[in-house]
Amino acid sequence: MTRRERAAVATLILKRLLMAVPSLIGVVIVTFLLTRALPGDPAAYFAGPAASKEAVEEVRVKLGLDKSLPEQFVRYVRDLARGDLGTSLTTGQPVVSEIRTRLPASAELTLLGLIVSMGVAVPLGILAATRPGSLIDHACRVVATAGVSLPVFFTGLILVYVFYYLLGWAPAPLGRLDIFFSAPPPVTGFYLMDSLIAGNGELFLASLNQLVLPALTLGIFSLAPIARMTRASMLAVLSSDFVRTARASGLSPFTITVTYAFRNAMLPVVTTLGMVFSFLLGANVLVEKVFAWPGIGSFAVEALIASDFAPVQGFVLTMAVMYVALNLMIDVLYGLIDPRVRIDA
Amino acid sequence: MTALAGTVRHARYVIGENPVTGLAFALFVLIVFVALVGPYIVPIDPLASDTVEALKSPSLRHWFGTDQLGRDIFSRVVVATRLDFGIAVWSVVLVFVMGGLAGVAAGFFGGWIDRIVGRVADTIMAFPLFVLAMGIVAALGNTVTNIVIATAIVNFPLYARVARAEANVRREAGFVEAARLSGNGDVRILAFQILPNVFPILVVQMSLTMGYAILNAAGLSFIGLGVRPPDAEWGIMVAEGAAFMVSGEWWIAFFPGLALMVAVFCFNLLGDGLRDIVDPRRRT
């Protein structure tokens, strides 16, 4: 990269950061409105279903719910800036610390799910595009339609039945580690990485064992959009002029597909990753429930059932902020791999 | 009339070309039929428990087996069709009205209406959709009506954007100019020139999002929102059967899950087929 290009990338990132600001403001307003401007008494929400009248009043004053709506909003934003998301009624812990301890479990699962689906969907899409009308093309279409039709919690349960109950290959769907193991010393929070850092191969395999089925479930669910997009964009690229030129120049089909077509075809696929993450983060909640995974999704579900509102609000906010950040990263990545975006910027 | 005849001919051609669409259409008719008359034709009362018959695998008497309370799963799956289909239809109709009107207005008038609709759509899109739906149901209250509302809200950006784009390209169209020159006001043009043109495209959008609406609603009830036991609904039935999956009683969760899958599959195929009929250019 030349110096001018580097400057262009920096401007691009800055511009994109500025564009994320309105989204973040919108997210904060919506999560605020979700509790305050709705029918019912928010103080009663936060105090929980079992609270007495005095307790509700106490909560009302403590949370500033006796003030005007704009004042409450300022207060809410100030608390957020300090990293205060309120306290969970069921565990008595601050929501932030609960989310922080549970986030790595969700992140590890989601990322592995994404790797699984990319690993299957991208080659499948490429093969389908290079052989249109063939068996693998039809297989790709079936997978793409079936993938979006399968309820993710149903896929998970079927996998549990087949691989745990019938075949006995997978461990019981009960969290991140078998009870006979203890968690590795936390460095990244990802058990796979932490066990490697600790040099404990047995622990690595044990946590991988627990991860396989939930990650596969998520992978199957998010396969469809990636496969469909890879196929479509690969088809478009393969019929473009530069590929015809490369063919005419006598390059081998492998070089053409992998070096020339693939790199260009990946650009639209990177863009669809935004939508894929929206699916993944939502599906994560359901998969965590099926596999008793101790992530933020199951935390939010438990809180929902107990009508404990602060964790739910914190969870929705955390997920939205992460999603905005992921979209930001996708756009920056796009700028890095596509030189045309750099020149335009 | 000739235009209608043309569409029918084209529809017949599309279905003939792609028998899968025909199959999906047949399935759709079946689902609608079951949703309408399901409760009157089931062999066994879906709420009647019979502890002697509890946890029985599929048999001639109980086609889909029985659950932990001895309730007949086949009857429950059939009866649940009405609730699941109803949630999906109502949420899609609701978002069709909200998103369609907002989008058409944004595309036709532009200006501040456009900016507000765009901002609202962007804000909704800033959330992972299922997570936002969870938050909305949690805040509005844990009822089936609120599941319908939440599902409609998370689909709003899709409808608003499609309607906006379609209205926007037609704003300066010849027939709109002609209508204006003959003295029609904005509202009249919107109602009689723009809306009839945008309508078919939004109907396709409806059938494309039906599948997602059912999945979303079933997902919410799977985590315990909205539908309360002992009501029969596919999502909650899968949730009830989940615990028995590890001990081998697969039928409790399997059949409602299968019904859900078939319904979503049918709606997705039907949506694709309908799109080919209404708007052949968008075929992928």
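Just so it is clear, the model here is predicted, and its values are computed rather than measured.

*Asks:* Outline the overall build of chain A, supporting the account with residue identities and numerical values.
*Replies:* Check the secondary structure of chain A and you find 14 helices and 0 strands. Its helices and strands taken in sequence order, chain A reads α-α-α-α-α-α-α-α-α-α-α-α-α-α from the N to the C terminus. Counting only residues that meet the buried cut, chain A has 47% of its 345 residues in that class. Long-range pairs, those at least 24 residues apart, make up 71% of the contacts in chain A between residues at least 6 apart in sequence. When the accessible surface of chain A is totalled, it reaches about 16800 Å², and 68% of it is carbon and sulfur. For chain A, the centre of its 26 positive side-chain charges and the centre of its 22 negative side-chain charges are spaced 11 Å apart.

*Asks:* An account of the interface of chain B and chain A is needed here, citing residue identities and associated values.
*Replies:* Contact with chain B, which involves 42 residues of that partner, is made by 44 residues of chain A. In this assembly, chain B packs against chain A so that about 3600 Å² is buried in total across both faces, 81% of it on carbon and sulfur atoms. Contact with chain A buries area across many residues of chain B, yet B:Phe127, B:Phe222 and B:Met245 alone supply 15% of it, more than any other trio. The interface formed by chain B and chain A holds 2 residue pairs in polar contact (both at pLDDT 80 or more) in total.

*Asks:* Can you explain the pattern of salt bridges? Please cite residues and give values.
*Replies:* Considering all chains together, one arrives at 14 salt bridges over all chains under this definition. Note that A:Asp331 and A:Arg16 form a salt bridge whose closest N and O atoms lie 2.3 Å from each other. One end of the pair, A:Asp331, is in helix H13 (residues 309–337); the other, A:Arg16, is in helix H1 (residues 3–36), with 315 residues separating them in the sequence. On the basis of relative accessible area, A:Asp331 is assigned to the partly exposed category, the value being 32%. Since its relative accessible area comes to 16%, A:Arg16 is described here as buried. For B:Glu177, the salt bridge goes to B:Arg180, with nearest N and O atoms at 3.5 Å. Note that B:Glu177 and B:Arg180 are positioned in helix H7 (residues 174–181) at a spacing of 3 residues, about one turn of the helix. Overall, the relative accessible area of 33% leaves B:Glu177 in the partly exposed class. Among the charged side chains, a network of salt bridges with common partners joins B:Arg71, B:Arg76 and B:Glu240.

*Asks:* Outline a nonpolar patch on the surface, supporting the account with residue identities and numerical values.
*Replies:* There is a patch of nonpolar side chains on the surface, built from A:Leu18, A:Val21, A:Ile25, A:Ile29 and A:Leu33 and spanning about 420 Å² of accessible area. As for its placement among the helices and strands, A:Val21 is situated in helix H1.

*Asks:* Describe the domain arrangement of chain A, naming the residues involved and giving the relevant values.
*Replies:* Interfaces are frequently sized by the accessible area removed from exposure as the parts join. Residue and element names in this part refer to chain A. Splitting chain A by domain gives domain 1 (1–90 + 306–345) and domain 2 (102–305). Taking only C-alpha atoms into account, the centre of domain 1 sits 27 Å from that of domain 2. The partner domain 2 presents 20 residues to the 17 residues of domain 1 that form the contact. With both sides pooled, the region where domain 1 packs onto domain 2 buries about 1700 Å², and carbon together with sulfur makes up 79% of that total. Ranking the residues of domain 1 by area buried against domain 2 places Phe315, Tyr323 and Ile330 at the top, with a combined share of 29%. Where domain 1 touches domain 2, the interface holds 1 residue pair in polar contact (both at pLDDT 80 or more). Sort the elements by how many residues they give to the side of domain 1 that touches domain 2 and H13 lands first, with 12 residues.

*Asks:* Break down empty space enclosed by the protein for me, citing the residues and quoting the values.
*Replies:* Summed over all chains, the structure comprises 2 cavities of 30 Å³ or more. Counted as a void, the largest cavity has a volume near 60 Å³. Together, A:Ala170, A:Pro171, A:Ala172, A:Pro173, A:Leu174, A:Gly175, A:Asn209, A:Gln210, A:Leu213, A:Pro214, A:Phe291 and A:Trp293 line the largest cavity. Split into classes, the residues belonging to the lining of the largest cavity amount to 9 nonpolar, 3 polar and no charged. By volume, the second largest cavity amounts to about 40 Å³. Every residue lining the second largest cavity is listed: B:Asp67, B:Gln68, B:Ile73, B:Arg76, B:Met237, B:Glu240 and B:Ile252. Taken together, the residues of the lining of the second largest cavity sort by class into 3 nonpolar, 1 polar and 3 charged.

*Asks:* Help me get a handle on unusual backbone geometry, residues and values and all.
*Replies:* One non-glycine residue, A:Ala292, adopts positive backbone phi at about 50°. Looking at the secondary structure, you find A:Ala292 in the loop between helix H11 (253–290) and helix H12 (296–305).

Conventions we followed
- Along each chain, numbering runs from 1 in the same order as the chain's sequence is written.
- Following the order in which they are written, the chains are lettered starting with A and the ligands numbered starting with 1.
- A pLDDT threshold of at least 70 governs which residues receive local features in this predicted model, and a stricter bar of 80 or more applies before side-chain atom pairs are shown or counted, although totals over entire chains, interfaces and linings include all residues.
- Here the side-chain values reflect all heavy atoms present in the structure, with hydrogen atoms and water set aside.
- Counting from the N terminus, the helices are DSSP H or I runs at least four residues long and the strands are E runs at least two residues long.
- The buried label applies to any residue whose accessible area, calculated with a 1.4 Å probe on protein chains only, is under 20% of its type's maximum; exposed applies above 50%, and partly exposed to all values in between.
- The contact rule is simple, with two residues in contact once any of their heavy atoms fall within 4.5 Å.
- Each accessible area is a Shrake-Rupley estimate made with a 1.4 Å probe; only the visible protein chains count as cover when residues are assessed.
- His is not counted, nor are the chain ends, whereas Lys and Arg count as positive and Asp and Glu as negative.
- Taken as the charge centre is NZ of Lys, CZ of Arg, CG of Asp or CD of Glu, depending on the residue.
- Buried area is a sum: the accessible area each of two parts loses on coming together, probed at 1.4 Å, counted once for each and added.
- N or O atoms closer than or at 3.5 Å make up a polar contact, with two conditions inside protein: a donor-capable atom paired with an acceptor-capable one, and, for residues adjacent in sequence, both atoms drawn from side chains.
- Criterion for a salt bridge: a side-chain nitrogen of Lys or Arg within 4 Å of a carboxyl oxygen of Asp or Glu.
- Patches here are clusters of residues that have more than 30% relative accessible area and form no salt bridge, with a 9 Å joining cutoff for like charges and a 5 Å cutoff for nonpolar side chains (Val, Leu, Ile, Met, Phe, Trp, Tyr).
- The split into domains, and so the bounds of each, comes from an automatic or database assignment of domains.
- The distinction between a cavity and a pocket rests on a 1 Å grid over the protein atoms alone: a 1.4 Å probe fits inside a cavity but cannot get out, while a pocket stays open yet meets protein on both sides within 12 Å along at least five of seven lines, and a residue with an atom within 4 Å of a point counts as lining.
- Grid points are joined across faces, edges and corners, and a volume is the space filled by probe spheres set on the points.
- Only Asp, Glu, Lys and Arg are considered charged, only Ala, Val, Leu, Ile, Met, Phe, Trp, Tyr, Cys and Pro nonpolar, and every remaining residue, Gly among them, polar.

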